[in-house]
Amino acid sequence: KMGNYNEALDYLLKSMSYYDKINQDLLRSKTISNIGLLYMEINNYEKAKTHLQQALEGYKKHSDSVAIANAYTNLGILFSKTGQTDSAFIYLDKAIDLNYRIKNQYGLCVVFAGKADVFNKIGEAANAIDYYTKSLDVAEELNHYFQKT
């Protein structure tokens, strides 16, 4: 079923409870992140922010660099959606820096597109085009042609 957010949330909460019982903190953090993304999808930005930040802390606890970079990207996108452009750029730049350091090309592709979206949203077309082009270049390097949208 498409768009059944209550059912999705119920399953995510059950997963989180299960991961608590078996002491899987990293999987719990990933589930918390997914809950945050679900809340972002339904425009409940405060709950999204709370969950995404909580997931970020869990990833930091486990030194999961890829997950930390993804969390930065998700928070950047969230702040963009709420019109907090400065915060969006801070988190997206953190994601870019970390993705470069860990050589996560896919992460760079996603965050470049996210940063382009922010520039586009604030009317900076030249910067938007620059970052969309960067995203496309990385996607082509990875043969991820589905990113060419």
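Just so you know, these numbers come straight off a predicted model, no measurement behind them.

Peer 1: I would appreciate a short explanation of the environment of Gln53 in the present structure.
Peer 2: Mapped onto the elements of the fold, Gln53 is located in helix 3 (residues 45-61). It is 8.7 Å that separates the C-alpha atoms of Gln53 and Gly36, two residues lying 17 residues apart in sequence. Leaving out residues up to four positions away in the same chain, Gln53 has contacts with Leu75 and Tyr91.

Peer 1: Looking at this model, I keep getting lost on helix 5 (residues 85-101). Mind explaining?
Peer 2: Because the α-helix completes a turn every 3.6 residues, residues three or four places apart line up on one side. Here helix 5 spans 24 Å end to end across 17 residues, near enough to the 24 Å set by a 1.5 Å rise per residue. Along helix 5, the residues classified as buried are Ala88, Phe89, Tyr91, Leu92, Ala95, Ile96, Leu98 and Asn99. Check the buried side of helix 5 and you find it contacts helix 3, helix 4 (65-81), helix 6 (105-121) and helix 7 (125-142). Backbone geometry just downstream of helix 5 places Lys103 in the positive-phi region, at approximately 60 degrees.

Peer 1: Sorry, what's going on with the nonpolar core here?
Peer 2: In summary, soluble globular proteins display a tendency toward joint burial of nonpolar side chains. The biggest cluster of nonpolar side chains holds 39 residues, and the ones touching the most others in it are Leu56, Tyr72, Leu75, Val111 and Phe112. Counting only elements with at least two residues in this core, the list comes to helix 1 (5-21), helix 2 (25-41), helix 3, helix 4, helix 5, helix 6 and helix 7. Ranked by residues supplied to this core, first place goes to helix 4 with 8 residues. Setting aside residues no more than four positions away along its own chain, Leu75 makes contact with Lys49, Leu52, Gln53, Leu56 and Tyr91.

Peer 1: How should I be thinking about the pattern of salt bridges in this particular structure?
Peer 2: Think of it this way: side chains of opposite charge can pair up when their charged atoms draw near. What the rule picks out here adds up to 6 salt bridges. Its salt-bridge partner being Asp25, residue Lys61 comes within 3.1 Å of it at the nearest N-O pair. Separated by 36 residues along the polypeptide, Lys61 in helix 3 and Asp25 in helix 2 bring together distant segments of the chain. For Lys61, a relative accessible area of 60% translates into the label exposed. The salt bridge involving Asp130 is made with Lys134; its shortest N-O contact spans 3.9 Å. You can see Asp130 and its partner Lys134 sitting in helix 7, 4 residues apart, about one turn around the helix. For Lys134, a relative accessible area of 30% puts it in the partly exposed group.

Peer 1: Explanation requested: the packing of aromatic side chains in the structure shown.
Peer 2: Pairs of aromatic rings are described using the distance from one ring centre to the other and the angle between the two planes. Using the criterion set out here, one finds 7 aromatic pairs in the structure. With a centroid separation of 5.8 Å and an interplanar angle of 55 degrees, the aromatic rings of Phe112 and Tyr131 are classed as tilted. Of this pair, Phe112 sits in helix 6 while Tyr131 is found in helix 7, placing the two residues 19 residues apart along the sequence. The exposure classification of Phe112 matches that of Tyr131, with both residues buried. For the ring pair Phe119 and Tyr131, a centre distance of 5.7 Å and an interplane angle of 25 degrees mean the geometry is stacked. In this pair, Phe119 sits in helix 6 while Tyr131 sits in helix 7, placing the two residues 12 residues apart along the sequence. Connected via pairs of aromatic rings, a cluster forms that spans Phe89, Tyr100, Phe112, Phe119 and Tyr131. When the ring centre of Tyr91 is taken as reference, the NZ or CZ atom of Lys94 above it lies at 5.2 Å. The ring of Tyr131 has Lys134 lying over it, and the distance from NZ or CZ to the ring centre is 4.4 Å.

Criteria and cut-off values
Residues numbered from 1 in each chain as written. Predicted model: local features only at pLDDT ≥ 70, side-chain atom pairs only at ≥ 80, totals over all residues. Heavy atoms only, no water. Helix = DSSP H or I, 4+ residues; strand = E, 2+ residues; numbered from the N terminus. Contact = heavy atoms within 4.5 Å. Expected span 1.5 Å × (residues − 1). Buried < 20%, exposed > 50% of the residue type's maximum accessible area, 1.4 Å probe, protein only. Core = buried A, V, L, I, M, F, W, Y, C linked by side-chain atoms within 4.5 Å. Salt bridge = Lys/Arg side-chain N within 4 Å of Asp/Glu carboxyl O. Phe/Tyr/Trp six-rings, centres within 6.5 Å; stacked < 30°, edge-to-face > 60°. Lys NZ or Arg CZ within 6 Å of the ring centre and 35° of its normal.

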